[in-house]
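# Structural characterization, general
Now for the letters of each chain:
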Amino acid sequence: MSTPTRITHLVDGQSWTGTAERTSPVFNPATGEQSGVLDLASASLVDEVVKSAASAWEEWADASLAKRSGVLFAFRELLNERKEDVAALITAEHGKVLSDALGEVTRGLEVAEFACGIPHLLRGGFSENASTNVDVYSIRQPFGVVAVISPFNFPAMVPMWFIPIAIACGNAVILKPSEKDPSAAIAVAALWKEAGLPDGVMQVVNGDKEAVDALLTHPDVKSVSFVGSTPIAKYVYETGTAHGKRVQALGGAKNHMLVLPDADLDLAADAAVNAGFGSAGERCMAISALVAVEPIADELISKIKDRMGKLVTGDGTRGCDMGPLVTSQHRDKVTSYLDAGVSEGATLVVDGRQDSYDSDGEGYFLAPTLFDHVKPGMSLYDDEIFGPVLSVVRVGSYDEGLKLINSNPYGNGTAIFTNDGGAARKFQRNVEVGMVGVNVPIPVPVSYYSFGGWKNSLFGDTHAHGMEGVHFFTRGKVVTSRWLDPSHGGLNLGFPQND
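Structure report, in brief. (Residues numbered from 1 in each chain as written. Predicted model: local features only at pLDDT ≥ 70, side-chain atom pairs only at ≥ 80, totals over all residues. Heavy atoms only, no water.)

## Structural notes on the overall build of the protein
For the protein, the count of helices and strands is 16 helices and 23 strands. At 24 Å, the protein has a C-alpha radius of gyration in line with the 23 Å of a compact globule built from 499 residues. Taking all 499 residues of the protein together, the buried fraction comes to 56%. In the protein, the share of contacts with a sequence separation of at least 24, taken over all contacts with a separation of at least 6, comes to 73%. Accessible area for the protein stands at about 21,000 Å²; split by element, carbon and sulfur atoms hold 50% of it. Charged side chains of the protein number 40 positive and 60 negative; the gap between the two group centres comes to 5 Å. (Helix = DSSP H or I, 4+ residues; strand = E, 2+ residues; numbered from the N terminus. Rg over C-alpha atoms; globule rule 2.2 N^0.38 Å. Buried < 20%, exposed > 50% of the residue type's maximum accessible area, 1.4 Å probe, protein only. Contact = heavy atoms within 4.5 Å. Areas by Shrake-Rupley, 256 points an atom, 1.4 Å probe, with all protein chains shown as cover. Lys, Arg positive; Asp, Glu negative; His and termini not counted. Charge placed at Lys NZ, Arg CZ, Asp CG, Glu CD.)

## Here's the deal with the layout of surface pockets
By rolling a water-sized probe across the atoms, one finds the places where empty space is left. In this structure, the largest pocket encloses a volume near 860 Å³. Phe152, Lys180, Gly228, Ser229 and Ile232 are, among the 33 residues lining the largest pocket, the residues nearest its centre. Broken down by secondary-structure element, the contributors of at least two residues to the lining of the largest pocket are helix H8 (209-217), strand E11 (221-227), helix H9 (230-242) and helix H12 (328-343). It is H9 that contributes the most residues to the lining of the largest pocket, five residues altogether. When its residues are assigned to classes, the lining of the largest pocket shows 16 nonpolar, 10 polar and seven charged. Approximately 240 Å³ is the volume attributed to the second largest pocket. Contributing to the lining of the second largest pocket are 13 residues, with Phe154, Met157, Arg283, Ile442 and Val444 lying nearest its centre. With four residues, the top contributor of residues to the lining of the second largest pocket is helix H4 (residues 98-115). Here the lining of the second largest pocket is built from residues that sort into eight nonpolar, one polar and four charged. (1 Å grid on protein atoms, 1.4 Å probe; cavity = no way out; pocket = protein on both sides within 12 Å on 5 of 7 lines; lining within 4 Å. Points joined across faces, edges and corners; volume = space filled by probe spheres on them. Nonpolar A, V, L, I, M, F, W, Y, C, P; charged D, E, K, R; others polar.)

## Observations concerning the sheet that holds strand E19 (residues 413-417)
In spatial order, the strands read E15-E16-E17-E14-E13-E19-E20; together these seven strands make up an open sheet with mixed pairing. The open sheet has two free edges, formed respectively by strand E15 (347-350) and strand E20 (435-438), since each of these has just one partner strand. Neighbour-to-neighbour, the strand axes of this sheet turn through a mean angle of 20 degrees, independent of strand direction. Bridge count between strand E14 (residues 287-293) and strand E17 (residues 389-395): five bridges; the pairing is parallel. Counted as the bridge partner of valine 293 is valine 395 from E17. (Pairing = 2+ DSSP bridges. Axes fitted to C-alpha atoms, helices over the stretch in contact; angles between N-to-C directions.)

## Focus on H8
Of the positions making up H8, those classed as buried are Ala211, Val212, Asp213, Ala214, Leu215 and Leu216. On the buried face of H8, the contacting elements are helix H1 (43-61), strand E8 (145-149), strand E9 (172-176), E11 and H9.

## Description of the packing of helix H10 (residues 265-277) against helix H11 (residues 297-308)
Contact geometry for H10 and H11: axes closest at 9 Å, N-to-C directions at 55 degrees. Relative to H11, H10 is oriented oblique. Considering only the axes of H10 and H11, their crossing is right-handed. Here Leu265, Asp266, Ala268, Ala269, Asp270, Ala272, Val273 and Phe277 of H10 lie close against H11, whose contacting residues are Glu299, Leu300, Lys303, Ile304, Arg307 and Met308. Taken together, the residues of the contact of H10 with H11 sort by class into nine nonpolar, no polar and five charged. (Parallel < 35°, antiparallel > 145°, perpendicular 65-115°, else oblique. Left-handed = near helix turned anticlockwise from the far one by under 90°.)

## Let's talk about the pattern of salt bridges
Applying the stated criterion across every chain, the model contains 24 salt bridges. Salt-bridge contacts for aspartate 339 lead to arginine 353; the nearest nitrogen and oxygen are separated by 3.1 Å. Here aspartate 339, found in helix H12, pairs with arginine 353, found in the loop between E15 and strand E16 (369-372); they are 14 residues apart in sequence, far enough to count as distant. Three or more residues are tied together by salt bridges with common partners; here these are Asp266, Asp270, Lys303 and Arg307. (Salt bridge = Lys/Arg side-chain N within 4 Å of Asp/Glu carboxyl O.)

## Observations concerning the environment of valine 212
By the secondary structure assignment, valine 212 is in helix H8. We classify valine 212 as buried; its relative accessible area is 13%. Taking the C-alpha atoms as reference points, valine 212 and valine 334, separated by 122 residues in sequence, lie 26 Å from one another. The contact partners of valine 212, leaving out residues within four places of it in the chain, are Ile149 and Lys176.

## Describing the sheet that holds strand E7 (residues 134-142)
Taken in spatial order, the three strands make up an open sheet running E6-E7-E23, and their pairing is antiparallel. The outermost strands of the open sheet, each flanked by one partner alone, are strand E6 (126-131) and strand E23 (474-481). Shown here is a sheet whose adjacent strand axes are inclined to one another by a mean of 30 degrees, direction ignored. Summarising the sheet, E6 and E7 pair through three bridges and their orientation is antiparallel. When the sheet's bridge partners are listed, serine 127 is paired in E7 with valine 136.

## Concerning the packing of aromatic side chains
Centre-to-centre distance and the angle between the planes together describe a pair of aromatic rings. Tallied over the entire structure, the rule returns nine aromatic pairs. Judged by centre distance (6.3 Å) and plane angle (75 degrees), the ring pair of tryptophan 161 and phenylalanine 162 falls under edge-to-face. When its relative accessible area of 4% is taken as the criterion, tryptophan 161 is described as buried. Ring plane angle 35 degrees and centroid distance 4.2 Å describe the contact between tryptophan 161 and phenylalanine 451, whose orientation is recorded as tilted. With tryptophan 161 in helix H6 (residues 157-168) and phenylalanine 451 in the loop between E20 and strand E21 (454-455), the pair connects residues that are 290 residues apart, well separated along the chain. One exposure class covers both tryptophan 161 and phenylalanine 451, and it is buried. (Phe/Tyr/Trp six-rings, centres within 6.5 Å; stacked < 30°, edge-to-face > 60°.)

## Quick notes on empty space enclosed by the protein
Scanning the model with the defined rule gives four cavities of 30 Å³ or more in all. For the largest cavity, the calculated volume is near 100 Å³. Lining the largest cavity we find 15 residues, and of these Gly281, Ala286, Ser288, Glu384 and Phe386 sit closest to its centre. For the lining of the largest cavity, a count of residues per class yields seven nonpolar, five polar and three charged. A volume near 60 Å³ is recorded for the second largest cavity. In this structure, the second largest cavity is lined by Ala156, Pro159, Met160, Ile163, Leu175, Ala185, Val188, Ala189, Trp192 and Met202. For the lining of the second largest cavity, the element with the most residues is helix H7 (residues 183-194), which contributes four residues. Each residue belonging to the lining of the second largest cavity can be placed in one class, and the counts come to 10 nonpolar, no polar and no charged.

Laid out in structure tokens, this is it:
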């Protein structure tokens, strides 16, 4: 067994050289071996980092849009060149298969590409002669120091939902990644310095609740972006807003896929398997409840079961279809739902505990699992399991299925599978969910649209990336001006420069 690697903070463009009072182990979930020792930040260290960011922010906020976009373009190229290395770090600490990890980095890159257009995105409005010789115009200005608190399930992509836009808008960012798999986020953050970003504008503090609370209550942190479970999202929102911060806290989900009798059942079965078991079900956009409108449930379950039998679970570096869960504790929590489901009356169709795994060592594995005859009131249905467990709920009609979805306290993502355009349009109109797929099982928006749910899946009014992201990381200002005498700028025959 190799000696665990020290993993530490990124402060002022450099790895932190201090001595941590507390540390946390980092594991390879495919083998169960400890791979790293993570320094945990104290509240006093967070205070030092915030002060550094506040000092660095003033210069960056004054940088021209041309300068900012140049850094964004350089960052995008660097990350694209090294995306395989970042994907390897994700697989080593999170466990997801390499192809999935690479896809995660690629989706994060899309947000960086969107942020490269910041000169256009920050363009304001102008009204000439709103009154006699009076002009009115609008501008958007950066906040200052902003915090991003990201989850374990997408250690590279989720920080990228926020950081490129926040930096492009002229803010300084402090990232607190998950302590379960921090290395990918730190590696991506380090690229900003190489791209030309001034020291202190992008910093990383690793930690647990102490670091989170320090960010939520620090007077110089102006906004907080969070992704995680609903109870913690609610805590982040309430604590942050109580301390005067703008907060977007994206919470949990219980995503439904409604399959109508006219749907292509082969397509629906493929989608259910892909969306239910990709990334071991550890994603807030996973389909965990398949709502089958009778009489198709038996045939659809048969097709899903057949596809599940072809999946290989194991080490993400070996070309498997699905990797392990992130920790042994989380694996045990997910498996506890299997016994609970049976005791509550659901039918266990495929038991993932009975599978074999392609891995060395004692990894945190649970193969894809399928339940039938699941109903509201069962823990399988009510809870966000966050694992490779797919539950089939049988309903008698489209209206019953829609009512079921709208009655759920979560409203993150949903999908409908049908060949009836009218039914699809009615569904996307009436379903009370923030992101909707029509014959698309994981409707994650592209970067120039915004990501976020409704109800208990979002605390705050602003979604991630897209124009909502630009607005979150800026404040609007309207200027009314009148100039009585024109000024003369002098002679300069050279071509205008964007400096």
